[in-house]
Every structure is written in C-alpha cells, then in structure tokens.
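Coordinate analysis (summary)
Here are the chains, one letter per residue:
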Amino acid sequence: MPIRLTILLFAAIATLSSCVDEYEVGEEQLLSSDGTALYIDGRILVGAMSYVYIEQPLALNSPNSAKYVEDATVWIKGDNGYDSGPIYYNKETLRYDIDTYDIDTDAKYKIVITHNGNTYESDFLVSEPAPEIDDFYYSQDQQSGCLIFYVDARGNDNMHNFMWTFEEDYEVHASVNMLYTMHDNGYIIKYDPSAFPELDKEKGYNPYLYCWTHANSSSINIYSTSNLTENVVKMHEIYRLNASYTRFDHLYCMTLYQSAISDEAYNYYATMKRLTELTGNLFSPMPSDVKGNITCTKGGQKDPRGYITASHVTYKRLFVSGDEITLKRTYKYDYMPGNNFKLEQPEDPRFALGYVLWSKHPTNYTQEDLRLYYPEACNCQKVSTKIKPEWWPNDLL
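A brief look at the structure comes next. (Residues numbered from 1 in each chain as written. Predicted model: local features only at pLDDT ≥ 70, side-chain atom pairs only at ≥ 80, totals over all residues. Heavy atoms only, no water.)

Overview of unusual backbone geometry
The condition that has to hold: Runs of H or I in DSSP of at least four residues are treated as helices and runs of E of at least two as strands, each being numbered from the N terminus. Only protein chains enter the area calculation, which uses a 1.4 Å probe; residues under 20% of their type maximum are buried, those over 50% are exposed, and those in between are partly exposed.
Despite not being glycine, Leu94 shows a phi value in the positive range, around 65°. One non-glycine residue, Met235, lies in positive phi territory at about 50°. Its location among the elements puts Met235 in strand β15 (residues 232-242). Relative accessible area serves as the criterion here: at 47%, Met235 is assigned to the partly exposed category.

Okay, here's the thing in structure tokens:
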C-alpha cells in the first residue's frame, strides 16, 4: 500500500474489519495545499514484481486525504529498448503491478505514466545492488503478546541506505467443515446445499474450508548506517502484530524484501516519513530542498510529488505456526448460542443465506444444545480467497 498508510493504520489493517463509506469527489476538491496534482510512489525491482501507486489529493474538508487513481496507464522502459507495454490498475492490490522478474540486470529503467492527457516520467535509473539479508526472525513480548519482526543485514563500501517492504500471507479456516462430524462429537443437522454449490460430499471436497489472505506492507521502513562505525544493521524492527489477530490462528508467512537506495532517495523518504507521522497527510508542504524525481513532460501540469527507485532485491520468508504463539485469542464470535434465537417454521430463512445449524446431540436435542453458525464460519471465502501461494508448504486445498 502507499506510503500515506502509516503506523496509525496498522491496527485497522491487522483486523481487516474497517469500513469507510465511499466519498463522492467534485472536481473543485481535487487540490492539495501546495497545488500538487498527483502523488506517485514506485519501485522498479529487478528480479521481482515492480509496482506503482498513484494517488490524487482531496480537499481538506473531505474524510480522506487522497484517493487512488485507477485510470492511468503505466510503462517501464529501459535504455536497452525494453518496453513493458501498457500496465493498468489492479483493483486487488490497489496499484499498477509490472512483472520484472526477468529484465536485464545491467540496464537502466524509468517509469512513464499517462493520465488525463498528461505524461509523467522519472529519469533513467541505475538498479542499485541489494545486499543479502543476514537474518530475519521474530520474538514475542510475553506481557503484551505482541510479535515483533526483526532483520539483520550489512552493507558495503558503496551501500549504506536500506529499504524494506514485506508481504503477508496466512491461512483462514472456516470453523465448520460441512463434510464431517464436528468437534466435541457435534453434528451438522441442517444446511442448505444451494448456498454451497461446489461442495462435493461424495469426493470429500469442501472448497469453503481453507482460504488464504494476502496483504502488502504499508509504511516507510528505511535505515542508514552512514553515521555508524560499522555498516551493520542489527535487530531493526520491521513490524509488530498482536498475537490475538486472526493471522496467527493457523499458518502465517511474512516475505521480507530488502533493497538499497541512494542518498537522495533516503533523504526524500526520511522526510516523507516524518511528515506523514506528524500530520497524517501525504500532501503536507515539503521542505524546498527535498525533491522527488518525477516530472511532468507533457500536458502542463505541475510536477507530481513522489519518488521512483530502481534496485535489485533480496528476500527471505519467515513462517510462524499458530502452535508457536502464546497469548492467542481464545474466543471466536462465529456462532449464535441456542438461547439467542428461535427456529421459525416451516423453514428458517437464514439457512438459505448459508447459516448452519449445529448440535452436540443429533437427536433429542434441546434449544440450549443448538448453535447457529454465521456464514463466515462455514465459508472462508466470505472473508478471504482461494488464491493459495504456489510456494505454500502444505497440501491444503
């Protein structure tokens, strides 16, 4: 996610439950305090997925500081003749994703963006070599339950500035498997098959049982060893999460990406980090001596705010099993106790919406024996997806 989503939003991202009403924006509101038309933040990553975020500022009286720009077109071009072709907005990642896994490691590259008749370009950039990650690990605070992720790394004579981003992937399991006898010797005694059309009891396949969620990091995470006696990064904090989050119910993975950035890029992002943490606004006035590296080359618009970096990338993955975590959540609000509802005759319409009635006693049960499970408890696709990472280390389907 873009840089404006800073530490202040970590809790909302982690719970995955925040909702914001869509805000209709008039043309007169698309102005920032300094007249900047767009904010552009991009990474050209040799050997990985490159991406560009584009945002447009809103008026001070709007509930959000900016909105995503979805109708731009993005290219990556190389000084060796490379052309990625037009790239369009990805609504799932909220950005423009470009496959650069196999591009020439020795060429220079730039970003080109067209939007509303204007063209924006970065300079051709040299891909900075990325040092290897020495170690990537976590510890858990036994008082707060917080998991803190750390990285160790080291630079070289020509490289002192580090930047990290990460991706999260984790399993989401439905609480109710409609194929089998339930836990505690309970039984599903009624559900509507039309609500789960892909369920195949004969083949034992329940596509609503296992899902996966993916998320991208959301903050500026940089570090410089320029003023240190050793060019070494030790126990640098990447992220922290509460153990009670659903991420850690089963199997969680963080993929950490490390890259090197220039002194100019480090200065720019350090300034942006301070501004966004202080004001929460991506478009707060910048010091006059801090410049981005994107210009408007056609159309007459003011140069956008933002920065494009180009670098090689190294990465490491860290898996965390729910069995390793202490102070996990011990409750789930995913069913309604029998005392809280009454079955309607002849049919309860909630069954058609995917609700599942469950009892520890399949015959001669009382109202108190019943539980009415919410659709999310029976169908993981209500809150997640069936997109399983190719490298996921188990055979769940």
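Points about the pattern of salt bridges
What counts is decided by this rule: In what follows, salt bridge is the name for a side-chain nitrogen of Lys or Arg lying within 4 Å of a carboxyl oxygen of Asp or Glu.
One pass over the full model with this rule turns up seven salt bridges. Note that Arg95 is salt-bridged to Asp97, the shortest N-O span being 2.5 Å. An identical accessibility class is assigned to Arg95 and Asp97; each is buried. Lys234 is the salt-bridge partner of Asp152, the closest N and O atoms lying 3.3 Å from each other.

A look at the packing of aromatic side chains
Spelled out, the test is: Two aromatic rings from Phe, Tyr or Trp, using only the six-membered ring of Trp, form a pair when their centres are within 6.5 Å; if the ring planes differ by under 30 degrees the pair is stacked, by over 60 it is edge-to-face, and anything between is tilted. We count a charge as sitting over a ring when the NZ of a lysine or the CZ of an arginine lies within 6 Å of the ring centre and within 35 degrees of the ring normal.
Counted under the stated rule, the structure contains 19 aromatic pairs. Judged by centre distance (5.8 Å) and plane angle (85°), the ring pair of Tyr82 and Tyr109 falls under edge-to-face. Here the residue Tyr82 occupies a position in the loop between β4 (73-78) and β5 (96-100), and Tyr109 occupies one in strand β6 (residues 108-115), the gap between them amounting to 27 residues. A residue is classified by how much of its surface remains accessible, and Tyr109, at 0% relative accessible area, is buried. Measuring from centroid to centroid gives 6.4 Å for Phe136 and Phe149, while their planes differ by 40°, and the two rings are tilted. Taken as a pair, Phe136 in strand β9 (residues 133-140) and Phe149 in strand β10 (residues 146-154) lie far apart in primary sequence, 13 residues in all. Across the pair, exposure class does not vary: Phe136 and Phe149 are buried alike. Sitting over the ring of Trp75, Lys77 keeps its end group 5.9 Å from the ring centre. It is Arg317 that lies over the ring of Trp391; its NZ or CZ is 3.7 Å from the centre.

Focus on empty space enclosed by the protein
So the rule is basically this: Buried and open spaces are told apart on a 1 Å grid over the protein atoms alone, a cavity being a set of points where a 1.4 Å probe fits but cannot get out and a pocket being an open set with protein on both sides within 12 Å along at least five of seven lines. Residues with an atom within 4 Å of a point are the lining residues. Grid points are joined across faces, edges and corners, and a volume is the space filled by probe spheres set on the points. Under the scheme applied here, ten amino acids are nonpolar (Ala, Val, Leu, Ile, Met, Phe, Trp, Tyr, Cys and Pro), four are charged (Asp, Glu, Lys and Arg), and all others, including Gly, are polar.
The full count for this structure, using the stated rule, is three cavities of 30 Å³ or more. Every residue lining the second largest cavity is listed: Arg43, Leu45, Met163, Trp164, Thr165, Tyr257, Gln258, Ser259 and Val313. Along the lines of polarity and charge, the residues of the lining of the second largest cavity split into five nonpolar, three polar and one charged.

Re the state of the cysteines
Put simply, the test is: Disulfide assignment relies on a single distance test, namely cysteine sulfur atoms paired within 2.5 Å.
A complete count under the given rule lists one disulfide for this structure. Here Cys211 engages in a disulfide with Cys380; their sulfurs sit 2.0 Å apart. Measuring handedness by torsion sign, the sulfur bridge of Cys211 and Cys380 sits at about 65° and is right-handed. Of this pair, Cys211 sits in strand β13 (residues 210-216) while Cys380 sits in the segment after α3 (375-378), and the two are 169 residues apart along the sequence. The exposure class assigned to Cys380 is buried, which follows from its relative accessible area of 1%.

A short note on helix α2 (residues 263-279)
Condition: Expected helix span is taken as 1.5 Å per residue step, with the number of steps being one fewer than the number of residues. Throughout, a residue-residue contact means that at least one pair of heavy atoms, one from each residue, lies within 4.5 Å.
For α2, spanning 17 residues, the distance from its first C-alpha to its last is 24 Å, which sits close to the expected 24 Å at 1.5 Å a residue. Of the residues making up α2, those classed as buried are Ala265, Tyr268, Tyr269, Ala270, Thr271, Met272, Leu275 and Thr276. Contacts made by the buried residues of α2 are with β1 (39-46), β11 (161-173), β14 (222-224) and β18 (305-312).

A short note on the pairing of β4
Defined as follows: Note on pairing: two strands pair once DSSP finds at least 2 bridges between them.
In terms of burial, β4 is a largely internal element, five of the six residues being buried. Bridging between β4 and β6 involves six bridges; their strand directions are antiparallel. Opposite Ile76, over in β6, you have Ile111 as the bridge partner.

A short note on the sheet that holds β15
Stated precisely, the cut-off is as follows: What counts as an axis is a line fitted to C-alpha atoms, over the stretch in contact for a helix, and the angles between N-to-C directions run from 0 to 180 degrees.
Strand order in the open sheet formed by three strands is β9-β10-β15, and the pairing between neighbours is antiparallel. Among the strands making up the open sheet, the edge pair consists of β9 and β15. With direction set aside, neighbouring strand axes in the sheet form an average angle of 20°. Where β10 and β15 come together, eight bridges link them in antiparallel fashion. Within the sheet, the bridge partner assigned to Val151 lies in β15 and is His236.

Digging into the nonpolar core
Spelled out, the test is: Remark: nonpolar core denotes a set of buried residues (Ala, Val, Leu, Ile, Met, Phe, Trp, Tyr, Cys) joined through side-chain atoms within 4.5 Å.
Within the largest apolar cluster, 30 residues are counted, with the highest numbers of intra-cluster contacts made by Phe149, Ile238, Tyr252, Met254 and Leu256. For this core, the secondary-structure elements that each account for two or more residues are β9, β10, β11, β15, β16 (251-260) and β19 (314-321). Ranked by size, the runner-up nonpolar core spans 27 residues in total, among them Ile76, Tyr89, Ile98 and Tyr120.

What about the pairing of β13?
In terms of burial, β13 is largely enclosed, as five of its seven residues are buried. Bridging between β11 and β13 involves seven bridges; their strand directions are antiparallel. Looking at β13, one finds that Val172 is bridged to Cys211.

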